[in-house]
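# Architecture and fold: a report
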Amino acid sequence: QVQLVESGGGLVQPGGSLRLSCVVSGNIFSIVFMAWYCQAPGKERELVAGISSGGSTNYADSVKGRFTISKDNENTVYLQMNSLKPEDTAVYYCNIRLTGGRTYWGKGTLVTVSS
């Protein structure tokens, strides 16, 4: 069984930084893509950043130059969030996609950007 556990969320002032982590346990040898999504109140969940098993990355336009996704070995993915803005406030979810297309989600970690 695959489990994803996020951590690192919290309250930060505008311009500050946070680093989110997501540890994946279980069937991890067949992960082809890892990503972070966010969902703000009243809005749909949307992709923030993704990284393939080969290391290729992609970002939402709103976070380019501010956020960096990375991974170590194959079971932890990070999201370094710099120059945070109030509009970045959301619940951030970790997502993985396995060979064959099956996906899994974490329970989310809340990021609040406020003075």
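Residues numbered from 1 in each chain as written. Predicted model: local features only at pLDDT ≥ 70, side-chain atom pairs only at ≥ 80, totals over all residues. Heavy atoms only, no water.

Per the stated rule, a full pass over the model turns up 2 salt bridges. Across the salt bridge formed by Asp88 and Arg66, the nearest N and O atoms sit 2.8 Å from each other. Taken together, the residues Asp88 in the loop between strand E8 (76-81) and strand E9 (90-98) and Arg66 in the loop between strand E6 (57-59) and strand E7 (67-72) connect sequence positions 22 residues apart. On the basis of relative accessible area, Arg66 is assigned to the buried category, the value being 10%. (Salt bridge = Lys/Arg side-chain N within 4 Å of Asp/Glu carboxyl O. Helix = DSSP H or I, 4+ residues; strand = E, 2+ residues; numbered from the N terminus. Buried < 20%, exposed > 50% of the residue type's maximum accessible area, 1.4 Å probe, protein only.)

Let us look at the state of the cysteines. A complete count under the given rule lists 1 disulfide for this structure. Disulfide partner of Cys22: Cys94, at an S-S distance of 2.2 Å. Where Cys22 bonds to Cys94 through sulfur, the torsion about that S-S bond is close to -85 degrees, and the disulfide is left-handed. One end of the pair, Cys22, is in strand E3 (residues 18-25); the other, Cys94, is in strand E9, with 72 residues separating them in the sequence. Of the residues examined, Cys22 reaches a relative accessible area of 0% and is grouped as buried. Taking the relative accessible area as the measure of exposure, Cys94 reaches 0% and is therefore buried. For Cys38, which is in no disulfide, the shortest distance to another cysteine sulfur is to Cys94 and amounts to 14 Å. (Disulfide = S-S within 2.5 Å.)

With antiparallel pairing, the 4 strands of this open sheet are ordered in space as E1-E3-E8-E7. Sheet topology places strand E1 (3-7) and E7 at the edges, where each strand pairs with a single neighbour. Pairs of neighbouring strands in the sheet enclose a mean axial angle of 15 degrees, with direction left out of account. Bridge count between E7 and E8: 6 bridges; the pairing is antiparallel. Paired with Lys71 across the strands is Val77, a residue of E8. (Pairing = 2+ DSSP bridges. Axes fitted to C-alpha atoms, helices over the stretch in contact; angles between N-to-C directions.)

Keep in mind these numbers describe shape, not what the thing actually does.
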